Amino acid sequence: MLSIVLRGMRTRWVTFVGSFLALALGVGIVATTGLALAATFDAPRHGPERFAAAPVVVRGEDRLRVRTPIGVRTQELTSPRPVPAELVTALAALGRTVEDRTFPVTVGGARLDGDGGETVGHPWPVAAAAPYRLATGRAPAAPGEVVVTAANGSGVRTGERITVTTGSGTAARTVVGTVRSAGFETAVFFTAAEAARISPAVDAVVVHADPAAVRAVVAGEDRMAVLTGDDRRRADPDPDRDVEALVSVNALLGTAAGITVFVSVFVVASTFSFAVAQRRREFGLLRTAGATPGQVRRTVYAEAAVIGVLASAAGCGMGVLGAPRLASWMAGEQIAPRWFEIGDQNWPLHTAFWTGLAVALAGAVAASRRAGRVGPVEALRESAVDSGSMPLSRVLLGAAVLLTGAVLVGVGLVQDPGSLLKRKTYVTQPMLLIVGCALFAPVLVRPVTRFLAWAPAQLPGATGVLARENASAGLRRTSAVAAPVIVTVALAASLMGTTATLDEARATEARTQATSDFVVTAATEGAALPPEFVERARRIPGAVVSASRSTSVTVLEEGTALVTSEARAVDPADAAAVSELPVVAGSLAGLDDGSLVVNEEWMTTTVGERVGVWLADGRKVTLRVAAVLSTGTGNNGVYVTPRNAGGAAVDRVDVKVSDGEGRSAVAAQLAAAGRATGTEVATRAGWLAENHRRTGGNTRLGLLMILLIAVVYTGIALAGTQVMATADRVRDLAVLRLAGATKAQVLRLVGAEALVVVAVGAVLGGAVAALNLLGVRTALALLDVRSAVVVPWGTIGSVVAVSALLAVVFAVLPASLALRVRPVERAGARE
């Protein structure tokens, strides 16, 4: 049988080239993303950095540990407790100590060398704990002197004057020395006395003493940790940054691989189905010659296996070449960390190979069953016109897929509408609808084709009529060409439309809730605003000022899981004057030091009920629920008072002008306060535009990468299917030429048919996307978010235009080549 299969494939190679290319590309992408995924499983292991040369470090405990019936649960604390002054004194009695303070710094007019993140300040004595070594100059000895991280060519030299903004204000300072960057921070070093004045709290203490003695002294202190050895890494800035940086990379690559497998199965199954439909007479001859239905099915499976093995091997080779380039591109675009590179794992190649073979066999299942049902005489007498009927099994399967999708959406809308707004859901949800639409294609294509081609058919000439009738008669050909267009349009409209709709919904929420006239936030996330600015803003006549802090609250859900929620510490009266929160129960006015405001996603949403929570510094308190907010798009967090902020500093100031006529005066005084403290003041509109932009760069790049995969598949599928279809229609084209049509008229007809079929795919794909966006819109309405659906017309138009261009080119080009032969010879040719 294998020799017959191979000879048949060699004779009809055009039939299989599309499946081979689609499968090879799919395996190549799976291998590439698999190798990259394998590299995300293990982040590089770093030793201590900030305190690599420190024997013992004492600092506030950075992890919350809670005993539960199923073991100890841990959660990171966002605001570890400072080291108490009494403990600092007790530690100094054991040996030499160095106090560390870390605070945000903004340097104007100079570019420092570092990791590119937030610039921080430290006292110079703690520099030896890293250790930093002076590259030029000397240590700071006076309040106006600093040492900065600056390599050769960075533009900052010893003796230069730079503008430095800290929590105590803005001042010009003299660079008296430079150190080379350690790679984990961008630092400015002050004298110990000035650092203590800027940031009085002691963040950590380096102790040169026996660790056992240090632990004995610290044992009586609550929420303090003694770090030695590798544990000192916990005191590094963002010690889990490498692992966290790979989370988004892992999600992106996993999504891309999943989409690839889905589209591969879809395209390969569609191509095999069309190939079997073209070969009905061939299978009929085999049946006439004595082949059993099982032998015919095995023939199709054997062809799929041969294609699967060859394409999978080629795809693995593509993966080996493509994975390093993908890693380099992701690092260059800052999607992945700078150090990200492909390792030496081989298992992704094995996975990709066997996945490709499985996809090929899975894509041939339906086609082989259809081939096995061909009768000896039925196929030889069958008309070239497809009936458009569907077997009962396909009807049941299509109905089951659509019903499953509808049930999942319905359950989500009833139980948790917010779940439909999560990326994992809105990326995978359209797939069920796409499969269901494809399964019902034989009954959907004909009416849609006739509807879309009705207007062109009314034009003078026969081109419109023939295009409509040919597309309607060749339903399998039309379905095979339309299938990849359905996938691409549905994915493009669903993914980009959902993200744009959610962006607009979040922006709408922000516009509704923020009623202030001016908003001031720290330049870097997590940084604090200068206290001097806050004080000056409060003294402006006619200005109502709400100074708030970012913090967190942790709760033990169901007695087993620690869940941390972002929170904001506000003064209730001030917050009510500058915002309009979506309160559904209780009142913001009831918020005090013994209560908190929660949202509807919390386990406790009864006003007046008391709940035990852990604050950002690890303190456990019992607070009363003062009010409940609607869930919204997920940005409505928890509110507490400043006393329960865990020591967090002010990072946002909202200002509302009490007298509308005094707006310009308030704006002028705010601007003056901002210039004096190095703080940028924004209007409400400017802040909304800056902080509620469209989808972030990395997310957008990831979505575009997924769409690029779908577009490439569309091109391959369209090319292969159109070439196959044209090769099967050369006699029909020759008959048209003999009937008096010119070569140009025939080519226009072929092009018009291609456009009609792409339009059919675009309409069906658009219908799938519309259903998906309708689910998103309904979920937003149930969450009390009044926002319009944003349709990405530009993206949809680009995808449809590319599909139309590819379809026309790969339909007209082979037809043009076929028409070079004399029509009478083509018309008289036998298959």
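Structural notes, computed from the coordinates. (Residues numbered from 1 in each chain as written. Predicted model: local features only at pLDDT ≥ 70, side-chain atom pairs only at ≥ 80, totals over all residues. Heavy atoms only, no water.)

**A short note on the overall build of the protein chain**
What counts is decided by this rule: Secondary structure elements follow DSSP: runs of H or I no shorter than four residues count as helices, runs of E no shorter than two count as strands, and numbering proceeds from the N terminus. Each residue is placed in one exposure class: buried if its accessible area under a 1.4 Å probe, protein chains only, is under 20% of its type's maximum, exposed if it is over 50%, and partly exposed if it falls in between. Contacts are residue-level and defined by heavy atoms, with any inter-residue pair within 4.5 Å sufficient. Per-residue accessibility takes into account occlusion by the displayed protein chains alone, with areas from the Shrake-Rupley method and a 1.4 Å probe.
Within the protein chain, the regular secondary structure consists of 25 helices and 24 strands. Put simply, the protein chain has 831 residues, and 49% of those count as buried. Sequence-distant contacts, at least 24 apart, represent 82% of the contacts inside the protein chain between residues at least 6 apart. Counting every atom, the protein chain has about 36400 Å² of accessible surface; 58% of that belongs to carbon and sulfur.

**Structural notes on the packing of aromatic side chains**
Keep this limit in mind: Working definition: a ring pair exists when centres of Phe, Tyr or Trp rings (six-membered ring for Trp) sit within 6.5 Å. Plane angles under 30 degrees give stacked, over 60 give edge-to-face, the rest tilted.
Applying the stated criterion to the full structure yields 6 aromatic pairs. Ring plane angle 5° and centroid distance 6.1 Å describe the contact between phenylalanine 41 and tryptophan 347, whose orientation is recorded as stacked. Pair noted here: phenylalanine 41 is in the loop between helix H2 (13–40) and strand E1 (56–60) and tryptophan 347 is in helix H9 (residues 347–372), with a separation of 306 residues, a long-range link. Classification of phenylalanine 41 as partly exposed rests on a relative accessible area of 48%. With a centroid separation of 6.4 Å and 50° between ring planes, the pair formed by tyrosine 132 and phenylalanine 184 is classed as tilted.

**Regarding helix H16 (residues 475–513)**
Under the convention used in this document: Residue count minus one, scaled by 1.5 Å, sets the expected span of a helix.
For H16, with 39 residues, the first-to-last C-alpha span of 53 Å sits near the 57 Å given by 1.5 Å per residue. Among the 39 residues that make up H16, 35 are buried, leaving the element largely enclosed by the rest of the structure.

**What about the nonpolar core?**
When a protein is soluble and globular, its nonpolar side chains tend to lie buried together. Applied cut-off: Put simply, buried Ala, Val, Leu, Ile, Met, Phe, Trp, Tyr and Cys residues joined by side-chain atoms within 4.5 Å make one nonpolar core.
Counting residues in hydrophobic clusters, the biggest one holds 84 residues, and the most contacted among them are Met330, Phe340 and Leu491. If we skip the residues at most four places from it in the chain, methionine 330 touches Val249, Leu252, Leu253, Ile335 and Ala336. Core analysis: the second largest hydrophobic core is formed by 19 residues, Ala522, Val650, Leu670 and Ala673 among them.

**A word on the pairing of strand E14 (residues 224–227)**
Convention followed: Strands are labelled as partners when DSSP assigns at least two bridges between them.
Side chains of E14 alternate between two faces, with Met224 and Val226 and Ala225 and Leu227 buried alike. Pairing of E1 with E14 involves 4 bridges; the strand directions are antiparallel. Looking across to E14, one finds that arginine 59 is bridged to alanine 225.

**Section: the packing of helix H22 (residues 730–738) against helix H23 (residues 743–782)**
Where we set the bar: Between N-to-C directions, angles cover 0 to 180 degrees, with each direction set by a line fitted to C-alpha atoms, over the stretch in contact for helices. Geometric relationships in this document are graded by angle, where less than 35 degrees denotes roughly parallel, more than 145 denotes roughly antiparallel, 65 to 115 denotes roughly perpendicular, and other angles denote oblique. Note: crossing handedness is left-handed where the near helix turns anticlockwise from the far helix by less than a right angle, and right-handed where it turns clockwise. Asp, Glu, Lys and Arg are counted as charged, while Ala, Val, Leu, Ile, Met, Phe, Trp, Tyr, Cys and Pro are counted as nonpolar; the rest, among them Gly, fall into the polar class.
Interaxial distance between H22 and H23 falls to 9 Å at its minimum, and their mutual angle equals 135°. The angle between H22 and H23 places the two elements in the oblique class. Where H22 crosses over H23, the handedness of that crossing is right-handed. Where H22 abuts H23, its residues Leu733, Leu736 and Arg737 lie against Lys743, Val746, Leu749 and Val750. The class makeup of the residues in the contact of H22 with H23 is 5 nonpolar, no polar and 2 charged.

**A look at a negative patch on the surface**
Definition in use: A patch consists of residues exposed above 30% relative accessible area that lack any salt bridge, with like charges linked at up to 9 Å and nonpolar side chains (Val, Leu, Ile, Met, Phe, Trp, Tyr) linked at up to 5 Å. Here, a salt bridge means any side-chain nitrogen of Lys or Arg that lies within 4 Å of a carboxyl oxygen of Asp or Glu. Residues scored as charged are limited to Lys and Arg (positive) and Asp and Glu (negative), so that His and the chain ends carry no count. All charge positions are set by atom: Lys at NZ, Arg at CZ, Asp at CG, Glu at CD.
There is a patch of like negative charges on the surface, built from Asp416, Glu600, Glu601 and Asp784. Of note, glutamate 600 is situated in the loop between strand E19 (595–599) and strand E20 (610–615). Exposure remark for glutamate 600: the relative accessible area of 42% places this residue in the partly exposed category.

**Looking at the packing of helix H15 (residues 463–473) against H16**
The interhelical angle for the contact between H15 and H16, taken along N-to-C directions, is 90°, at an axis separation of 5 Å. Overall, the two elements H15 and H16 adopt an arrangement that is roughly perpendicular. Where H15 abuts H16, its residues Asn470, Ala471, Ser472 and Ala473 lie against Leu475, Arg477 and Thr478. Considered class by class, the residues forming the contact of H15 with H16 number 3 nonpolar, 3 polar and 1 charged.

**Quick notes on the pattern of salt bridges**
Opposite charge on two side chains lets them pair, provided their charged atoms get close. In the structure shown here, the tally under the stated rule is 19 salt bridges. Note that glutamate 221 is salt-bridged to arginine 81, the shortest N-O span being 3.9 Å. Residue glutamate 221 is located in the loop between helix H5 (211–218) and E14, and its partner arginine 81 is located in the loop between strand E3 (71–76) and helix H3 (85–92); the two are separated by 140 residues in the primary sequence. Overall, glutamate 221 belongs to the partly exposed group, its relative accessible area being 26%. Of the residues examined, arginine 81 reaches a relative accessible area of 22% and is grouped as partly exposed. The salt bridge involving aspartate 592 is made with arginine 624; its shortest N-O contact spans 3.2 Å.

**Section: the pairing of E3**
Bridge analysis of strand E2 (residues 63–68) against E3 gives 6 bridges, and the strand direction is antiparallel. Among the inter-strand pairings, valine 66 is bridged to a residue of E3, identified as arginine 73. Connecting E2 to the next strand, E3, in antiparallel fashion are 2 residues.

**Some remarks on the environment of valine 657**
Considering the arrangement of structural elements, one finds valine 657 in strand E23 (residues 650–657). Linking valine 657 and valine 578, residues 79 residues apart in sequence, is a C-alpha distance of 9.4 Å. Residues contacting valine 657, with those up to four places away along its chain left out, are Asp517, Phe518, Gly542, Gly662, Arg663 and Val666.

**Quick look at the environment of lysine 656**
Tracing the backbone shows lysine 656 in strand E23. When neighbours within four sequence positions are excluded, lysine 656 is seen to be in contact with Thr515, Ser516, Asp517, Gly542, Ala543, Val544, Ala577 and Val578.

The values reported here are purely geometric and, on their own, carry no functional implication.
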